[in-house]
Amino acid sequence: MVGMAERDDPEVIGRRVQRLRAERGLTQRQLAEPVYTPAYVSTLEAGRVRASESALRHIAERLGVEYEELVTGRPAGFATEVRLRLTGAQRTLATGATEAAAQGFAVVLAEAEEHGLVAEEADALLGLGECALENGDLEAARSRFEQAEQRLGDAPLPSRVPALRGRAVAHYLAGELRYSCYLFESTLDELNRSGMHDPDALLLLYTGVIGPYMDMGAHARAAQAAELALALAPRSGDPALVARMHRSVARTMIAEGRIAEADASLAKASELYRQLQIRTELANCHWMRGYLYAQNGEYERAEEELREARRMLSAKRAALYTSQVAVELADVLHRREKSDEAADLLREVLSDLSPERGALHSAAAHRLLGIIAEDARDTEVAEEHYVRALSLLERAGAAGDLADLCRLLGDLFRRTGRVEAALDAYRTGLGHRTTPGTTTLGPAPAQPPL
């Protein structure tokens, strides 16, 4: 039912009543009788009175239109139809058919804008942002998420969290780790300090911030975020969100050597995604399993999982994610002594990555190409790749990866007789390892009262 807050203002309703009455050839007296007076209708059409619901229902009946259409300008049931189309687009996106989903969201956006359906407009923009993330168009994704946030304007913070999270993820994928963490942490801090402890909103944020924390070397904060996400999961009514949480939490468990627990968490995520038929997220579960097996030295199983993840992602044209998983597959191929295949794959991937689009995986590709070149005793090419990787990682602020790369570069300088350059590289690497588990982000955000 249309509520008082959903009505157009009295002037708009008045003009609509006047237009409909004229189209039907009715006088003000004919529209008013037998309950109201012509003077009342005249005042209503002039927009000088906020008519009661009963008066508008009487006038709607006399005009032969539905009450909803009279007070909002929308055909009866139109908002429900738009929401159904929105749900369909969201379902299409969940299966990984990004282009078809984007077309569906674009249709919903146009209809919502035309008829002033603000909530549906914001959801359509969120959907278009998620489609852009899937396709690796990070600038378009940020723009869509910013537009969604603007549409929601004065809405409570929990309603704006999906848009904020989308922006943070786009910055993270672009290699802007500190700014991504700032967006996540400032939102978490505001939610928790203001007492807006919405489980879905908090779970979305704690799950999302794990990746940036891990890549910055802030393992203590990542572990704490994972612990809070696990505590919040039973309160969430969104199974897809819970599945995403299990996948992200597995990263912290792997870092802590809790392999069996990580595998169990991924199994829970995979089962939820299968039930929901969320193909892209299921591919990400294969991706994380491949990473898990690689860390545990089970390279054959890792290769199988990563190839499956890449196949699923490329089939749905998730370009950026496909390139990222290819870098990890190349690492496993190298460890399985398939270095030529790994190098070919990395060179192919680097054409799809850039400092603004997948900086961390671009750096990882250059690092691995450097290692492969060193194995082939081509120190000049190895140094070139290491230096490129170093530049990318310094921009992103990925402390743990920087320390490891400085060690590789220092070893290369030492083996080629450049002792001073080697010492400088080692000192730089030690500087990134002086305070493990911390960052320059400042105090951690306030926690929810679990």
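Cut-offs and rules
- Residues numbered from 1 in each chain as written.
- Predicted model: local features only at pLDDT ≥ 70, side-chain atom pairs only at ≥ 80, totals over all residues.
- Heavy atoms only, no water.
- Helix = DSSP H or I, 4+ residues; strand = E, 2+ residues; numbered from the N terminus.
- Buried < 20%, exposed > 50% of the residue type's maximum accessible area, 1.4 Å probe, protein only.
- Contact = heavy atoms within 4.5 Å.
- Areas by Shrake-Rupley, 256 points an atom, 1.4 Å probe, with all protein chains shown as cover.
- Lys, Arg positive; Asp, Glu negative; His and termini not counted.
- Charge placed at Lys NZ, Arg CZ, Asp CG, Glu CD.
- Salt bridge = Lys/Arg side-chain N within 4 Å of Asp/Glu carboxyl O.
- pLDDT = per-residue confidence, 0-100.
- Axes fitted to C-alpha atoms, helices over the stretch in contact; angles between N-to-C directions.
- Parallel < 35°, antiparallel > 145°, perpendicular 65-115°, else oblique.
- Left-handed = near helix turned anticlockwise from the far one by under 90°.
- Nonpolar A, V, L, I, M, F, W, Y, C, P; charged D, E, K, R; others polar.
- UniProt positions renumbered as here; feature names shortened; annotations may be inferred.
- Phe/Tyr/Trp six-rings, centres within 6.5 Å; stacked < 30°, edge-to-face > 60°.
- Lys NZ or Arg CZ within 6 Å of the ring centre and 35° of its normal.
- Core = buried A, V, L, I, M, F, W, Y, C linked by side-chain atoms within 4.5 Å.

The protein has the name DNA-binding protein in an unreviewed UniProt entry, where Streptomyces graminofaciens is given as its organism.

(A) Focus on the overall build of the protein. A count of helical and extended segments in the protein gives 23 helices and zero strands. Summarising its shape, the C-alpha atoms of the protein cover approximately 100 × 40 × 40 Å along the three principal directions. Looking at the 450 residues of the protein, the share that counts as buried comes to 50%. Across the protein, the fraction of contacts at a sequence separation of at least 24, relative to all contacts at a separation of at least 6, is 61%. Counting every atom, the protein has about 20,500 Å² of accessible surface; 49% of that belongs to carbon and sulfur. Considering the protein, the positive charge centre built from 54 side chains and the negative charge centre built from 68 side chains are found 2 Å apart.

(B) Looking closely at the pattern of salt bridges. Counting across every chain of the model gives 32 salt bridges. Ionic pairing is found between Glu256 and Arg258, a salt bridge with its closest N-O pair at 2.5 Å. Residue classification places Glu256 among the partly exposed residues on the basis of a relative accessible area of 40%. Where Glu384 meets Arg388, a salt bridge forms, and the shortest distance between an N and an O atom there is 3.0 Å. Remark: Arg388 and Glu384 occur in helix α21 (residues 379–396); sequence separation between them is four residues, near one turn of the helix. By relative accessible area, which is 41% here, Glu384 ends up partly exposed. In this structure, a network of salt bridges that share partners links the residues Glu303, Arg307, Arg336, Lys338 and Glu341.

(C) Region of interest: the confidence of the model for the protein. Of the residues in the protein, 92% have a pLDDT of 70 or more, and the chain-wide mean is 85. Taken element by element, the predicted model of the protein shows its lowest mean pLDDT in helix α15 (residues 259–276) (72) and its highest in helix α9 (residues 138–152) (94).

(D) Spatial organisation of the packing of helix α12 (residues 199–216) against helix α14 (residues 239–255). Contact geometry for α12 and α14: axes closest at 9 Å, N-to-C directions at 30 degrees. By the angle between their axes, α12 is roughly parallel relative to α14. Handedness of the crossing formed by α12 with α14: left-handed. Here Asp200, Leu203, Leu204, Thr207, Ile210, Gly211, Met214 and Asp215 of α12 lie close against α14, whose contacting residues are Leu241, Val242, Arg244, Met245, Ser248, Val249, Arg251, Thr252 and Ala255. Partitioning the contact of α12 with α14 into residue classes produces nine nonpolar, four polar and four charged.

(E) Examining the UniProt feature "domain: HTH cro/C1-type" (unreviewed entry) in the protein more closely. Per the UniProt record, the feature "domain: HTH cro/C1-type" (unreviewed entry) sits at residues 17–70. Span residues 17–70 is 65% helix and 0% strand, its end C-alpha atoms 7 Å apart.

(F) Representation of the side chain of Glu149 within the structure. On the secondary structure map, Glu149 appears in helix α9. We classify Glu149 as buried; its relative accessible area is 18%. Apart from residues no more than four positions distant in its own chain, Glu149 is found in contact with Arg160, Ala163, Leu164 and Arg167.

(G) Main features of the side chain of Arg160. Here Arg160 shows up in helix α10 (residues 157–173). Of the buried charged residues, Arg160 lacks a salt bridge, with Glu149 as the closest side chain of opposite charge at 4.6 Å. The residues contacting Arg160, other than those within four sequence positions of it, are Glu149, Leu152, Gly153 and Ala155.

(H) View of the environment of Ala396. By the secondary structure assignment, Ala396 is in helix α21. Along the chain, Ala396 and Gly64 lie 332 residues apart, while their C-alpha atoms are 63 Å from each other. In this structure, Ala396 is in contact with Gly175, Leu177 and Leu360, ignoring residues within four places of it in sequence.

(I) The environment of Ala110, seen in detail. Secondary-structure assignment places Ala110 in helix α7 (residues 98–115). Sequence separation of Ala110 and Glu121 is 11 residues, and the distance between their C-alpha atoms is 8.1 Å.

(J) Fine view of the packing of aromatic side chains. All told, the structure shown has two aromatic pairs when counted by the stated rule. Here the basic side chain of Arg57 rests over the ring of Tyr67, its NZ or CZ set 3.9 Å away from the ring centre. The ring of Tyr293 is capped by Arg301, whose NZ or CZ atom sits 4.1 Å from the centre of that ring.

(K) Structural view of unusual backbone geometry. Residue Pro34 follows Glu33 across a cis peptide bond; omega there is 5 degrees. Mapped onto the secondary structure, Pro34 falls in the loop between α2 (28–32) and α3 (38–45). Non-glycine residue Glu337 carries a positive phi angle of around 65 degrees. Located in the positive-phi region is Arg377, a residue other than glycine, with phi close to 65 degrees. Mapping Arg377 onto the fold places it in the loop between α20 (359–375) and α21.

(L) Focus on the nonpolar core. Ranked by internal contacts, the top residues of the largest apolar core, which has 121 residues, are Phe105, Leu133, Leu173, Tyr206, Leu346 and Tyr386. The element contributing the most residues to this core is α12, with 11 residues. Leave out the neighbours within four places in its chain, and Tyr206 touches Leu188, Asn192, Ala225, Leu228, Ala229, Leu232, Ala446, Gln447 and Pro448. In this structure, Val17, Ala51, Leu63 and Tyr67 belong to the second largest nonpolar core, which totals 17 residues.

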